[in-house]
Amino acid sequence: GEDVEQSLFLSVREGDSSVINCTYTDSSSTYLYWYKQEPGAGLQLLTYIFSNMDMKQDQRLTVLLNKKDKHLSLRIADTQTGDSAIYFCADSWGTGNQFYFGTGTSLTVIP
Amino acid sequence: DAGVTQSPTHLIKTRGQHVTLRCSPISGHKSVSWYQQVLGQGPQFIFQYYEKEERGRGNFPDRFSARQFPNYSSELNVNALLLGDSALYLCASSSTGISSNYGYTFGSGTRLTVV
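Our subject in this report is the structure included herewith. (Residues numbered from 1 in each chain as written. Chains lettered and ligands numbered in written order. Predicted model: local features only at pLDDT ≥ 70, side-chain atom pairs only at ≥ 80, totals over all residues. Heavy atoms only, no water.)

Let's talk about the overall build of chain B
Right, on to step 1. Scanning chain B for helices and strands turns up 0 helices and 11 strands.
Right, on to step 2. Starting at the N terminus and walking to the C terminus, you meet the elements of chain B as β-β-β-β-β-β-β-β-β-β-β.
Right, on to step 3. A globule of 115 residues ought to have a C-alpha radius of gyration of about 13 Å, and chain B, at 13 Å, matches this closely.
Right, on to step 4. Across its three principal axes, chain B shows a C-alpha extent of roughly 40 × 25 × 25 Å.
Right, on to step 5. Long-range contacts, defined as pairs at least 24 residues apart, comprise 54% of the intrachain contacts of chain B with a sequence gap of at least 6.
Right, on to step 6. Working note: accessible area of chain B is about 5400 Å², and carbon and sulfur atoms make up 50% of it. (Helix = DSSP H or I, 4+ residues; strand = E, 2+ residues; numbered from the N terminus. Rg over C-alpha atoms; globule rule 2.2 N^0.38 Å. Contact = heavy atoms within 4.5 Å. Areas by Shrake-Rupley, 256 points an atom, 1.4 Å probe, with all protein chains shown as cover.)

Shown next, in the form of C-alpha coordinates:
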(Lines give C-alpha, C1' and ligand atoms only; values in the text may rest on other atoms or scores of the structure.)
Protein backbone atom coordinates (compact mmCIF):
# COMPACT_ATOMS: atom_id res chain seq x y z
CA GLY A 1 0.00 0.00 0.00
CA GLU A 2 0.85 3.66 -0.05
CA ASP A 3 3.52 4.94 2.33
CA VAL A 4 3.60 8.60 3.37
CA GLU A 5 6.51 9.76 5.52
CA GLN A 6 7.12 12.96 7.46
CA SER A 7 9.66 14.13 9.98
CA LEU A 8 8.14 14.10 13.47
CA PHE A 9 9.14 17.44 14.97
CA LEU A 10 10.01 20.97 13.89
CA SER A 11 10.75 23.97 16.08
CA VAL A 12 11.06 27.54 14.74
CA ARG A 13 11.14 31.05 16.13
CA GLU A 14 8.18 33.36 15.67
CA GLY A 15 8.57 35.34 12.45
CA ASP A 16 10.82 32.76 10.77
CA SER A 17 9.75 30.48 7.93
CA SER A 18 8.83 26.85 8.57
CA VAL A 19 9.31 24.09 6.04
CA ILE A 20 7.56 20.76 6.57
CA ASN A 21 8.53 17.89 4.28
CA CYS A 22 6.70 14.80 3.13
CA THR A 23 7.54 11.87 0.85
CA TYR A 24 5.04 9.49 -0.72
CA THR A 25 5.20 6.37 -2.84
CA ASP A 26 2.06 6.34 -5.03
CA SER A 27 2.76 8.15 -8.30
CA SER A 28 -0.86 8.03 -9.49
CA SER A 29 -2.17 10.58 -6.98
CA THR A 30 -4.31 13.33 -8.49
CA TYR A 31 -4.28 15.68 -5.53
CA LEU A 32 -2.05 16.00 -2.48
CA TYR A 33 -3.19 17.86 0.62
CA TRP A 34 -1.93 19.49 3.77
CA TYR A 35 -4.05 19.31 6.91
CA LYS A 36 -3.56 20.98 10.29
CA GLN A 37 -4.62 19.46 13.61
CA GLU A 38 -4.73 21.49 16.79
CA PRO A 39 -4.83 19.73 20.19
CA GLY A 40 -8.10 17.90 20.79
CA ALA A 41 -9.51 18.87 17.42
CA GLY A 42 -10.24 17.29 14.06
CA LEU A 43 -8.28 18.03 10.91
CA GLN A 44 -8.53 21.32 9.02
CA LEU A 45 -7.73 21.43 5.31
CA LEU A 46 -5.00 24.03 4.77
CA THR A 47 -4.25 23.69 1.10
CA TYR A 48 -3.90 21.24 -1.75
CA ILE A 49 -1.92 20.88 -4.94
CA PHE A 50 -2.95 19.25 -8.17
CA SER A 51 -0.46 16.64 -9.34
CA ASN A 52 0.44 18.46 -12.58
CA MET A 53 1.55 21.56 -10.66
CA ASP A 54 5.02 22.24 -9.26
CA MET A 55 4.10 25.02 -6.89
CA LYS A 56 1.08 26.64 -5.34
CA GLN A 57 1.01 29.77 -3.20
CA ASP A 58 -1.85 30.65 -0.88
CA GLN A 59 -1.15 33.70 1.29
CA ARG A 60 1.53 32.63 3.81
CA LEU A 61 1.52 29.04 2.53
CA THR A 62 3.64 27.72 -0.34
CA VAL A 63 3.39 24.13 -1.50
CA LEU A 64 6.15 22.60 -3.61
CA LEU A 65 5.72 19.29 -5.42
CA ASN A 66 8.56 17.29 -6.94
CA LYS A 67 6.85 14.41 -8.72
CA LYS A 68 10.08 12.82 -9.85
CA ASP A 69 11.30 12.46 -6.27
CA LYS A 70 7.75 12.06 -4.85
CA HIS A 71 8.45 14.87 -2.43
CA LEU A 72 5.99 17.44 -1.12
CA SER A 73 6.74 20.39 1.11
CA LEU A 74 4.78 23.07 2.92
CA ARG A 75 6.41 26.40 3.65
CA ILE A 76 4.78 28.74 6.16
CA ALA A 77 6.10 32.29 5.94
CA ASP A 78 6.24 34.56 9.00
CA THR A 79 5.33 31.70 11.34
CA GLN A 80 3.14 32.72 14.27
CA THR A 81 2.48 31.06 17.65
CA GLY A 82 -1.00 30.21 16.39
CA ASP A 83 0.63 28.02 13.76
CA SER A 84 1.77 25.59 16.48
CA ALA A 85 -0.01 22.34 15.64
CA ILE A 86 0.49 18.97 13.97
CA TYR A 87 0.65 19.09 10.17
CA PHE A 88 -0.28 16.11 8.04
CA CYS A 89 0.31 15.58 4.36
CA ALA A 90 -2.26 13.35 2.69
CA ASP A 91 -2.24 11.49 -0.58
CA SER A 92 -5.56 10.61 -2.18
CA TRP A 93 -5.61 7.09 -3.50
CA GLY A 94 -7.91 4.44 -4.81
CA THR A 95 -11.12 4.48 -6.84
CA GLY A 96 -12.86 6.58 -4.24
CA ASN A 97 -11.53 9.43 -2.21
CA GLN A 98 -9.40 7.48 0.24
CA PHE A 99 -6.56 9.25 1.94
CA TYR A 100 -3.23 8.01 3.17
CA PHE A 101 -1.96 10.35 5.86
CA GLY A 102 1.60 10.84 6.92
CA THR A 103 2.67 10.40 10.51
CA GLY A 104 2.34 14.13 11.15
CA THR A 105 4.91 16.83 11.93
CA SER A 106 4.53 18.61 15.25
CA LEU A 107 5.40 22.28 14.73
CA THR A 108 6.36 24.31 17.79
CA VAL A 109 6.70 28.07 17.39
CA ILE A 110 8.90 29.75 19.99
CA PRO A 111 7.91 33.34 20.85
CA ASP B 1 -24.18 26.04 8.05
CA ALA B 2 -23.20 23.25 10.44
CA GLY B 3 -20.01 21.39 9.78
CA VAL B 4 -19.51 17.66 10.18
CA THR B 5 -21.00 16.63 13.50
CA GLN B 6 -20.04 13.51 15.42
CA SER B 7 -21.53 11.95 18.50
CA PRO B 8 -20.70 11.21 21.17
CA THR B 9 -17.58 13.31 21.70
CA HIS B 10 -16.14 10.98 24.31
CA LEU B 11 -16.90 7.39 25.20
CA ILE B 12 -15.51 4.82 27.62
CA LYS B 13 -16.23 1.15 26.97
CA THR B 14 -15.10 -2.15 28.43
CA ARG B 15 -13.25 -4.82 26.46
CA GLY B 16 -15.65 -7.10 24.61
CA GLN B 17 -18.42 -4.52 24.38
CA HIS B 18 -19.90 -3.06 21.24
CA VAL B 19 -19.90 0.62 20.25
CA THR B 20 -21.77 2.73 17.69
CA LEU B 21 -20.40 6.08 16.56
CA ARG B 22 -22.50 8.53 14.58
CA CYS B 23 -21.74 11.15 11.98
CA SER B 24 -23.78 13.78 10.17
CA PRO B 25 -22.11 15.20 7.06
CA ILE B 26 -22.26 18.75 5.81
CA SER B 27 -25.57 19.43 4.13
CA GLY B 28 -25.35 18.42 0.48
CA HIS B 29 -22.35 16.14 0.98
CA LYS B 30 -23.01 12.60 -0.19
CA SER B 31 -19.73 10.95 0.76
CA VAL B 32 -18.76 9.99 4.30
CA SER B 33 -15.49 8.42 5.34
CA TRP B 34 -14.26 7.08 8.66
CA TYR B 35 -10.71 7.24 9.97
CA GLN B 36 -9.06 5.91 13.12
CA GLN B 37 -6.34 8.03 14.68
CA VAL B 38 -4.30 6.33 17.38
CA LEU B 39 -2.43 8.70 19.67
CA GLY B 40 0.74 9.96 18.04
CA GLN B 41 -0.08 8.65 14.56
CA GLY B 42 -1.77 9.87 11.42
CA PRO B 43 -5.37 8.90 10.66
CA GLN B 44 -5.90 5.46 9.11
CA PHE B 45 -8.64 4.91 6.56
CA ILE B 46 -11.45 2.59 7.68
CA PHE B 47 -14.42 3.03 5.30
CA GLN B 48 -15.77 5.28 2.61
CA TYR B 49 -19.44 5.50 1.61
CA TYR B 50 -20.87 7.41 -1.32
CA GLU B 51 -24.55 7.54 -2.12
CA LYS B 52 -25.17 4.85 0.52
CA GLU B 53 -22.80 2.37 -1.11
CA GLU B 54 -19.46 1.23 0.27
CA ARG B 55 -16.72 2.62 -1.98
CA GLY B 56 -13.67 1.54 -0.03
CA ARG B 57 -12.54 -0.41 2.98
CA GLY B 58 -9.23 -0.13 4.77
CA ASN B 59 -7.22 -2.85 6.41
CA PHE B 60 -9.42 -3.33 9.49
CA PRO B 61 -10.91 -6.55 10.87
CA ASP B 62 -14.52 -7.59 10.31
CA ARG B 63 -15.34 -6.35 13.80
CA PHE B 64 -15.56 -2.94 12.15
CA SER B 65 -18.63 -2.20 10.06
CA ALA B 66 -20.42 0.88 8.84
CA ARG B 67 -23.43 2.04 6.93
CA GLN B 68 -24.81 5.19 5.38
CA PHE B 69 -28.44 6.18 5.65
CA PRO B 70 -30.74 7.81 3.05
CA ASN B 71 -30.07 11.23 4.63
CA TYR B 72 -26.30 10.54 4.13
CA SER B 73 -25.57 10.30 7.85
CA SER B 74 -23.45 7.35 8.86
CA GLU B 75 -22.74 4.95 11.69
CA LEU B 76 -19.52 3.13 12.50
CA ASN B 77 -19.94 -0.02 14.57
CA VAL B 78 -17.17 -1.87 16.35
CA ASN B 79 -17.84 -5.24 17.98
CA ALA B 80 -15.84 -7.13 20.60
CA LEU B 81 -13.79 -4.10 21.56
CA LEU B 82 -10.08 -4.50 22.24
CA LEU B 83 -7.78 -2.21 24.18
CA GLY B 84 -6.09 -1.38 20.87
CA ASP B 85 -9.32 0.11 19.53
CA SER B 86 -8.80 3.09 21.82
CA ALA B 87 -8.40 6.03 19.47
CA LEU B 88 -9.91 9.17 18.04
CA TYR B 89 -12.44 8.21 15.37
CA LEU B 90 -12.83 10.85 12.72
CA CYS B 91 -15.64 11.23 10.27
CA ALA B 92 -15.14 13.24 7.10
CA SER B 93 -17.56 14.33 4.44
CA SER B 94 -17.09 15.34 0.85
CA SER B 95 -19.40 16.46 -1.91
CA THR B 96 -17.96 13.91 -4.30
CA GLY B 97 -16.81 10.33 -4.11
CA ILE B 98 -13.59 11.03 -5.96
CA SER B 99 -10.42 12.95 -5.34
CA SER B 100 -10.95 16.68 -5.74
CA ASN B 101 -9.56 20.03 -4.73
CA TYR B 102 -12.11 20.17 -1.93
CA GLY B 103 -10.59 17.29 -0.02
CA TYR B 104 -12.49 16.29 3.05
CA THR B 105 -14.11 18.27 5.83
CA PHE B 106 -13.46 16.53 9.11
CA GLY B 107 -15.50 16.44 12.26
CA SER B 108 -13.90 16.91 15.67
CA GLY B 109 -14.01 13.18 16.29
CA THR B 110 -15.16 10.74 18.94
CA ARG B 111 -12.55 9.85 21.54
CA LEU B 112 -13.06 6.15 22.37
CA THR B 113 -11.31 4.68 25.39
CA VAL B 114 -11.48 0.92 25.92
CA VAL B 115 -10.65 -0.27 29.44
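Side note on the packing of aromatic side chains
The geometry of an aromatic ring pair is captured by the separation of the ring centres together with the interplanar angle, meaning the angle of the planes.
Right, on to step 1. Taken as a whole and judged by the stated rule, the model has 19 aromatic pairs over all chains.
Right, on to step 2. Ring geometry for phenylalanine 99 of chain A against tyrosine 104 of chain B: centres 4.5 Å apart, planes inclined by 50°, an arrangement best described as tilted. Of this pair, phenylalanine 99 of chain A sits in strand E10 (residues 98-101) while tyrosine 104 of chain B sits in the loop between strand E9 (87-94) and strand E10 (105-106), on two different chains.
Right, on to step 3. Ring plane angle 90° and centroid distance 5.6 Å describe the contact between phenylalanine 101 of chain A and tyrosine 35 of chain B, whose orientation is recorded as edge-to-face. On the criterion of chain membership, the pair formed by phenylalanine 101 of chain A in strand E10 and tyrosine 35 of chain B in strand E4 (residues 31-37) is interchain, its members lying in two chains.
Right, on to step 4. Three or more aromatic residues joined by ring pairs form one cluster here, namely Tyr31, Tyr33, Tyr35, Tyr48, Phe50, Phe88, Phe99 and Phe101 of chain A together with Tyr35, Phe45, Tyr104 and Phe106 of chain B.
Right, on to step 5. Geometry around tyrosine 48 of chain A places lysine 56 of chain A over its ring, the cationic atom sitting 3.4 Å from the centre. (Phe/Tyr/Trp six-rings, centres within 6.5 Å; stacked < 30°, edge-to-face > 60°. Lys NZ or Arg CZ within 6 Å of the ring centre and 35° of its normal.)

Thoughts on the interface of chain A and chain B
Right, on to step 1. Between chain A and chain B, the contact holds 20 residues from the first and 25 residues from the second.
Right, on to step 2. Between chain A and chain B lies a buried interface of about 1700 Å² when both sides are counted; carbon and sulfur atoms form 51% of it.
Right, on to step 3. Along the contact surface separating chain A from chain B lie 0 salt bridges.
Right, on to step 4. Linking chain A with chain B are 4 residue pairs in polar contact (both at pLDDT 80 or more).
Right, on to step 5. At the level of elements, strand E4 (31-37), strand E5 (43-50), strand E9 (85-93) and E10 of chain A are the ones that each hand at least two residues to the side of chain A that touches chain B.
Right, on to step 6. The biggest single contributor to the side of chain A that touches chain B is E4 of chain A, with 4 residues.
Right, on to step 7. In terms of residue class, the side of chain A that touches chain B is built from 10 nonpolar, 10 polar and no charged. (Buried area = accessible area lost by both parts, 1.4 Å probe. Salt bridge = Lys/Arg side-chain N within 4 Å of Asp/Glu carboxyl O. Polar contact = N/O pair within 3.5 Å; in protein donor to acceptor, adjacent residues only side chain to side chain. Nonpolar A, V, L, I, M, F, W, Y, C, P; charged D, E, K, R; others polar.)

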